[in-house]
Amino acid sequence: MNRVLQTYQKNSTTTATPAELTLMLYNAGIKFTKQAKQAIEKKQILLAHDSIIRLQDIVQELMITLNMDIPISQQFLTMYDYMLHRLIESNINKDSVILDEIEDLFTQFRDTWKEAMVLAKKPIAETGSV
C-alpha cells in the first residue's frame, strides 16, 4: 500500500501544472506546520526541527519559482522572506506561536491561490474582465 501511495504522489507532482504545484507547496506548508506544532507540544525536538527545516525548504522553493517579471512577485518575495526568518526564529526557540502565524499565512496564500485558479479557468465573459 505504501508503494502505491508513493507512486501516486510521484505521478501527481510530475504531471501537475505549475499552478497545481504551487497549491501542493501551500498544502505541504500547512501539513508540516501542524506537524511541527505537535512535535513541539510533545517535546519531540528532532521531529520539530525536521518539520521546520522542511517548511524552510518549501518557502525557499516558493521564492525561487517566482517570476520576477510580474510586479506582484516582489510583494510575494517580501512575504516569503518574512516567513523564512520567522521559521528560523521558531526553530531556534521551538516557538509554536510563530508556527501559528506561519500556518495562518500558508492558509491565506493557499485559499487565495485556489480562488485565483478557479477564476483563471472561467471564460472572460463570466469574470467580467477584458
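Scoring rules and cut-offs
- Residues numbered from 1 in each chain as written.
- Predicted model: local features only at pLDDT ≥ 70, side-chain atom pairs only at ≥ 80, totals over all residues.
- Heavy atoms only, no water.
- Helix = DSSP H or I, 4+ residues; strand = E, 2+ residues; numbered from the N terminus.
- Buried < 20%, exposed > 50% of the residue type's maximum accessible area, 1.4 Å probe, protein only.
- Contact = heavy atoms within 4.5 Å.
- 1 Å grid on protein atoms, 1.4 Å probe; cavity = no way out; pocket = protein on both sides within 12 Å on 5 of 7 lines; lining within 4 Å.
- Points joined across faces, edges and corners; volume = space filled by probe spheres on them.
- Nonpolar A, V, L, I, M, F, W, Y, C, P; charged D, E, K, R; others polar.
- Phe/Tyr/Trp six-rings, centres within 6.5 Å; stacked < 30°, edge-to-face > 60°.

Considering the side chain of Thr33
Along the chain, Thr33 falls in helix 2 (residues 18-41). You can call Thr33 buried: its relative accessible area is 0%. Apart from residues lying up to four places away in sequence, Thr33 is in contact with Leu55, Leu99, Ile102, Glu103 and Phe106.

Comments concerning the environment of Arg110
Secondary-structure assignment places Arg110 in helix 5 (residues 96-121). Separated by 86 residues in the primary sequence, Arg110 and Met24 have C-alpha atoms spaced 8.8 Å apart. Those residues in contact with Arg110, other than ones at most four positions away along the chain, are Leu23, Tyr26, Asn27 and Ile30.

Digging into the layout of surface pockets
Empty pockets left among the atoms are what a rolling probe the size of a water molecule brings to light. If you add up the space inside the second largest pocket, you get close to 230 Å³. Listed by contribution, the elements that provide at least two residues to the lining of the second largest pocket are helix 2 and helix 4 (73-93). When residues in the lining of the second largest pocket are grouped by element, the largest group, three residues, is from helix 4. Taken together, the residues of the lining of the second largest pocket break down into eight nonpolar, four polar and no charged.

Concerning the packing of aromatic side chains
Scanning the model with the defined rule gives five aromatic pairs in all. Ring centres of Tyr26 and Trp113 lie 6.4 Å apart, and the angle between their planes is 75°; this geometry places the pair in the edge-to-face category. Taken as a pair, Tyr26 in helix 2 and Trp113 in helix 5 lie far apart in primary sequence, 87 residues in all. A ring pair is formed by Tyr80 and Phe109, whose centres lie 5.4 Å apart and whose planes are at 55°; its orientation type is tilted. One end of the pair, Tyr80, is in helix 4; the other, Phe109, is in helix 5, and 29 residues separate them in sequence. For the pair shown, Tyr80 and Phe109 are each scored as buried. Linked through ring pairs, Tyr26, Phe76, Tyr80, Phe109 and Trp113 together constitute an aromatic cluster.

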